[in-house]
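Structural overview for review
Listed here are the chains, written in short residue letters.
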Amino acid sequence: MAFTRATGKHRGPSRLARRGVGIAGVATLATTGVIGTLASPAFAADTEPVSPEDTGLTQVITADSLADRVDAQAAAQEKEAVETAARVKAAAEAKRKAEARAKELRAAKERAAREAERKRLSSFQLPVAGSYVSTGYKTGGSLWSSGHHSGIDFHAAYGSQVVSVGSGTVVEAGWGGAYGNNIIIRMNDGTYTQYGHLSSIGVSVGQTVTPGEQIGISGSSGNSTGPHLHFEARTSAEYGSDINPITYLRARGVQV
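Re the confidence of the model for the protein
In the predicted model, the protein carries a mean pLDDT of 83, and 76% of its residues have values of at least 70. Residue range residues 1-46 is modelled with pLDDT below 50. Its contacts to residues more than four positions away, or to other chains, number 16 contacts.

Below you can see the structure in the form of structure tokens.
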């Protein structure tokens, strides 16, 4: 008996054909959701594994992962922007508070300086620093034309600085007869003070002076037996309106 050789007509499906069938099967599974073996065992045996690249699933997964990363990056950027804005706002608020505090401190310092200056200008002090009374008020004797001392004498070596006891305006600066070189100041409270027997005068009429401001140098000009400062407190600029200089100074906080 003769046998015939099988021809190519009866050969199994090619690899390319099997791949095509496998792809179609995967597509069917993806569409229907059926998981399991296909109806024909032979068909299942003939099919080859299908790679994800052949189905397009890799592209879908990759796109989803990229979208997730983009969303995460956007969320991170949004969070950073919010945090940056919060930091900027906090810094601006801190700066505003610091500036406000600095402004308050400057204002307080200026108020304190004005108050200190006001107190200084309204204060009184001795006409010769560290001096003491060498001849009292109303002391009697032939040395004075009125028969008594119309002021007090402060001990002052020749050339000592003589200052205004308070704030006021000079109304007389020059020769005063028995007082020698003398200065009369109208004080800001309306009273008057006189400084006599000076060796030199350092102010002029109309000039304003403040407490402790130098107005002259002590000496022994006029009717004087030696260098000292004659000081009077008056109710007017005229001679004879004198009041007790010690009481006057003490009432204004000066220790005499």
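What to know about the side chain of Asp153
Inspection of the secondary structure assignment puts Asp153 in strand E2 (residues 152-154). Among buried Asp, Glu, Lys and Arg side chains, Asp153 stands out as unpaired, with Arg234 the closest opposite charge at 12 Å. A polar contact of 3.4 Å, which involves the side chain of Asp153, links it to the side chain of His230. Those residues in contact with Asp153 that sit more than four places away from it in its chain are Tyr132, Val133, Ser134, Thr135, His228, Leu229 and His230.

Describing the packing of aromatic side chains
Per the stated rule, a full pass over the model turns up three aromatic pairs. Between Phe124 and Tyr248, the ring centres sit 6.0 Å apart and the planes meet at 85°, which makes this aromatic pair edge-to-face. Residue Phe124 is found in the loop between helix H4 (57-122) and strand E1 (133-135), and its partner Tyr248 is found in helix H5 (residues 245-251); the two are separated by 124 residues along the sequence. We note that Phe124, like Tyr248, is buried. Taken together, a centroid distance of 5.5 Å and an interplanar angle of 65° make the contact between Tyr195 and Phe231 edge-to-face. Highlighted residues: Tyr195 in strand E6 (residues 192-201) and Phe231 in strand E9 (residues 229-234), separated in sequence by 36 residues. Accessibility expressed as a relative area gives 0% for Tyr195, which makes it buried. One aromatic cluster is present, formed by Phe154, Tyr195 and Phe231 through successive ring pairs. Here Arg252 stacks its cationic end above the ring of Tyr248, 3.8 Å away from the centre of that ring.

Calculation rules
- Residues numbered from 1 in each chain as written.
- Predicted model: local features only at pLDDT ≥ 70, side-chain atom pairs only at ≥ 80, totals over all residues.
- Heavy atoms only, no water.
- pLDDT = per-residue confidence, 0-100.
- Contact = heavy atoms within 4.5 Å.
- Helix = DSSP H or I, 4+ residues; strand = E, 2+ residues; numbered from the N terminus.
- Buried < 20%, exposed > 50% of the residue type's maximum accessible area, 1.4 Å probe, protein only.
- Lys, Arg positive; Asp, Glu negative; His and termini not counted.
- Salt bridge = Lys/Arg side-chain N within 4 Å of Asp/Glu carboxyl O.
- Polar contact = N/O pair within 3.5 Å; in protein donor to acceptor, adjacent residues only side chain to side chain.
- Phe/Tyr/Trp six-rings, centres within 6.5 Å; stacked < 30°, edge-to-face > 60°.
- Lys NZ or Arg CZ within 6 Å of the ring centre and 35° of its normal.

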